[in-house]
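# Tertiary structure, described
Residues per chain, in single letters:
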Amino acid sequence: MTESTSKDHFEIRLAKEDEIQFLCDLAAGEGWNPGLRDIECFYQADKTGFFIGLLNEEPVACISAVKYGADYGFVGFYIVREQWRGKGYGLRIWDYALNSLSGRIVGLDGVVDQQDNYIKSGFKLSHRNIRFEGTARAQGKKAPGLVDVKSLPLEQIMAFDAGCFFQERKDFLKAWLGEEGHQGFAAVDGDKIRGYGLVRPFFDGYKTGPLFADDPVVANDVFDALCEAIEGNTIILDVPENNTEGLLLAERYGLVQSFETARMYKGGSVNLPLDRIYGITSFELG
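Fair warning: this is a prediction, and the values are worked out from it, not measured in the lab.

Reading guide: rules and limits
- Residues numbered from 1 in each chain as written.
- Predicted model: local features only at pLDDT ≥ 70, side-chain atom pairs only at ≥ 80, totals over all residues.
- Heavy atoms only, no water.
- Axes fitted to C-alpha atoms, helices over the stretch in contact; angles between N-to-C directions.
- Helix = DSSP H or I, 4+ residues; strand = E, 2+ residues; numbered from the N terminus.
- Parallel < 35°, antiparallel > 145°, perpendicular 65-115°, else oblique.
- Left-handed = near helix turned anticlockwise from the far one by under 90°.
- Contact = heavy atoms within 4.5 Å.
- Nonpolar A, V, L, I, M, F, W, Y, C, P; charged D, E, K, R; others polar.
- Core = buried A, V, L, I, M, F, W, Y, C linked by side-chain atoms within 4.5 Å.
- Buried < 20%, exposed > 50% of the residue type's maximum accessible area, 1.4 Å probe, protein only.
- Expected span 1.5 Å × (residues − 1).
- Polar contact = N/O pair within 3.5 Å; in protein donor to acceptor, adjacent residues only side chain to side chain.
- Phe/Tyr/Trp six-rings, centres within 6.5 Å; stacked < 30°, edge-to-face > 60°.
- Lys NZ or Arg CZ within 6 Å of the ring centre and 35° of its normal.

### Notes on the packing of helix 2 (residues 38-45) against helix 6 (residues 170-178)
Contact geometry of helix 2 with helix 6 gives a least axis separation of 7 Å together with a crossing angle of 160°. Judged on the interaxial angle alone, helix 6 and helix 2 are roughly antiparallel. As for how helix 2 packs across helix 6, the hand of that crossing is right-handed. Across the interface between the two elements, Asp38, Cys41, Phe42, Gln44 and Ala45 of helix 2 pack against Asp171, Phe172, Ala175 and Trp176 of helix 6. In the contact of helix 2 with helix 6, the residues fall into 6 nonpolar, 1 polar and 2 charged.

Shown next, in the form of structure tokens:
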């Protein structure tokens, strides 16, 4: 799957597995603080969803357009290297990615200053996601009923996760839960999961994602355990603005707002249970 023109030797094609780190490197250069091993896990979600743009065989642009089931897709990693901006390469790879998701509802988490451009492409604002960060400090004793999330059957986690997401994501979760350095806890009541959360390392601390829970008490219990596991390190939590209890959780742990994105959809919308989403998994994959 490629697109090229002979005039400027610009080619768009699928990123090969040994090329996907390029996307993460560009994201890091933009200050997006990707997790150290995010891209390997993201690639498992949809190996046909990562594209690079090459000018005279040199990578200058990238984008992801990950497909979920038959009806939904999510765009991320939309970046052109700074010296090549304003020359039309970004628009080409953007159009190419959207075309690969034709017929689907498409979502994205875009930086706010690009919101008008996304509106021109047919996207509509759903809500904001707010990034909070600070120092991980546990506030109480470990709550009863918390277990290492990796000790639970994958199918059990998948079932709970699908109730907070919009699609089962087995291949991604298998990689995400098992990746080196990723730590997580689940709140279990009998044979039922009531919430779970995960932290993973980035270059200067840890990012939370996901943090899904049935209620604020469970969310706090799981987040407190995560903070205890990485006590004293920087922690990042990305909260949907509509989840008031999630915002209060961030405030309670002394986290401060550092960034935000605009969650937008084209071709329809997704009715996510935002009251159960205290921390989104990633801005790149929705």
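### A word on the nonpolar core
Ranked by internal contacts, the top residues of the largest apolar core, which has 48 residues, are Leu23, Ile39, Phe42, Phe50, Cys62, Tyr68 and Tyr196. Looking at this core, the elements that each hand over two or more residues are helix 1 (21-29), helix 2, strand 3 (50-55), strand 4 (58-68), strand 5 (72-80), helix 5 (154-164), helix 6 and strand 10 (192-202). Setting aside residues no more than four positions away along its own chain, Cys62 makes contact with Phe22, Leu23, Leu26, Phe51, Ile52, Phe77, Tyr78, Ile79 and Ile93. Phe185, Tyr206, Phe223 and Ile230 belong to the second-largest nonpolar core, a separate cluster that totals 27 residues.

### Examining helix 7 (residues 216-229)
The first and last C-alpha atoms of helix 7 sit 20 Å apart over 14 residues, in line with the 20 Å expected at 1.5 Å per residue. Looking at where helix 7 begins, the residue whose side-chain oxygen comes 3.0 Å from the main-chain nitrogen of Val217 is Asp215.

### Brief notes about helix 2
Among all positions in helix 2, only Asp38, Ile39, Cys41, Phe42 and Tyr43 are buried. Tucked into the core, helix 2 has its buried residues touching helix 1, strand 3, strand 5, helix 6 and strand 10.

### With respect to the packing of aromatic side chains
One pass over the structure, following the stated rule, counts 19 aromatic pairs. Consider the rings of Tyr68 and Phe165, whose centres lie 5.3 Å apart with planes at 80°: the pair is edge-to-face. In this pair, Tyr68 sits in strand 4 while Phe165 sits in the loop between helix 5 and helix 6, placing the two residues 97 residues apart along the sequence. Both residues of the pair, Tyr68 and Phe165, belong to the buried class. Through a chain of ring-to-ring contacts, three or more aromatic side chains come together here, namely Phe42, Phe77, Phe172 and Trp176. Above the face of the Phe165 ring, Arg169 is positioned so that its terminal group lies 4.0 Å from the ring centre.

### Some words on the environment of Ile280
Mapping Ile280 onto the fold places it in the segment after strand 14 (277-279). Accessibility expressed as a relative area gives 6% for Ile280, which makes it buried. For Ile280 and Pro240, which are 40 residues apart along the polypeptide, the C-alpha to C-alpha distance reads 7.5 Å. Once you skip the residues sitting within four places of it in the chain, Ile280 turns out to touch Asp109, Asn129, Thr208, Gly209, Pro210, Asp238 and Pro240.

### Re the side chain of Arg169
When you line up the elements, Arg169 lands in the loop between helix 5 and helix 6. Residue class for Arg169 comes out buried when judged on its relative accessible area of 6%. What Arg169 contacts, discounting residues up to four positions off in sequence, is Asp161, Pro210, Phe212 and Thr281.

Functional significance is not addressed by these values, which are geometric in nature.
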